[in-house]
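Observations on the model geometry
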Amino acid sequence: VSLTYGSWDHHDNIAGGVTGQLPHFHQAFAMLIRDLEQTRLLHSTKVVFIIDISLSMKEASSWKPEVDTGIDKLEGERALDIARYELRKIIRQLPEGAAFDIIAMYGKLSLLSEKWVIAAKDAREKAVKFVQSFDVKTGTDLHGALMRALEFSGGNWFTPPRDDSVDTVFVLSDGMTSVGTSMVF
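Residues numbered from 1 in each chain as written. Predicted model: local features only at pLDDT ≥ 70, side-chain atom pairs only at ≥ 80, totals over all residues. Heavy atoms only, no water.

**What about the overall build of the chain?**
In terms of regular secondary structure, the chain is built from 4 helices and 5 strands. When the helices and strands of the chain are placed in sequence order, the string is α-β-α-β-β-β-α-α-β. Across the 185 residues of the chain, 38% fall into the buried class. When contacts within the chain are restricted to residue pairs at least 6 apart in sequence, long-range pairs at least 24 apart make up 62% of them. Roughly 11100 Å² of accessible area belongs to the chain as shown, and the carbon and sulfur atoms make up 56% of that amount. (Helix = DSSP H or I, 4+ residues; strand = E, 2+ residues; numbered from the N terminus. Buried < 20%, exposed > 50% of the residue type's maximum accessible area, 1.4 Å probe, protein only. Contact = heavy atoms within 4.5 Å. Areas by Shrake-Rupley, 256 points an atom, 1.4 Å probe, with all protein chains shown as cover.)

Below is the structure:
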């Protein structure tokens, strides 16, 4: 599934640009995920999370998540604070034995692991600490992050996936690429 909603390339007037788009995008995306869960079409056991930690993620977000009373707390109002909060919740809810990895994307890439991480208590806690370590940095290398995620499928665009291939890639980004290869269609 691929979703596109207007331009997210907000280098000027970030708060004003995102304020109008984020509530609509979030509502539609949340409904899509709920529908996929209810129809049992959402069943991922090999997931790569790509999270943008570029400088634009330091801006305050007009959208605020529903904060659970559980272990995770929202630690600020920046887009990065909200992304970290949501990703921590997802990690803690991964089914036992699911394979996952996290790629922090900026001008470079930072990976939780070079191999699949298998969801278990210790692995989840290590992943949560990794997510907590994120702070904003310069650049957005979406191409590099996607190519690295594809390596979890056994190769590249021209190689058929293996049985242990990634089945889902989640990308959380608020802007356009500024590093690496980009293509406009």
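**Quick look at a nonpolar patch on the surface**
On the surface, a nonpolar cluster with roughly 200 Å² of combined accessible area is contributed by L146, V169 and V171. Tracing the sequence through the fold places L146 in helix α4 (residues 142-151). A residue is classified by how much of its surface remains accessible, and L146, at 33% relative accessible area, is partly exposed. (Patch = residues over 30% accessible without salt bridge, like charges linked within 9 Å, V, L, I, M, F, W, Y side chains within 5 Å. Salt bridge = Lys/Arg side-chain N within 4 Å of Asp/Glu carboxyl O.)

**Let's talk about helix α2 (residues 79-93)**
Its 15 residues give α2 an end-to-end C-alpha distance of 21 Å, which sits within 8% of 21 Å, the value for a rise of 1.5 Å per residue. Buried residues of α2: L80, D81, I82, A83, R84, Y85, L87, R88, K89 and I91, and no others. In this structure, the buried side of α2 is in contact with β1 (46-52), β2 (99-105), α3 (121-132) and β5 (168-172). (Expected span 1.5 Å × (residues − 1).)

**A look at the side chain of T168**
Among the secondary structure elements, T168 is positioned in strand β5. In this structure T168 comes out as buried when scored by relative accessible area, which is 16%. Side chain to side chain, T168 and D167 meet in a polar contact 2.9 Å long. Other than its neighbours up to four places away in sequence, T168 contacts S44, K46, V47 and V48. (Polar contact = N/O pair within 3.5 Å; in protein donor to acceptor, adjacent residues only side chain to side chain.)

**Comments concerning the environment of V166**
Among the secondary structure elements, V166 is positioned in the loop between α4 and β5. Among the residues examined, V166 registers a relative accessible area of 16% and is labelled buried. Sequence separation of V166 and D101 is 65 residues, and the distance between their C-alpha atoms is 9.8 Å.

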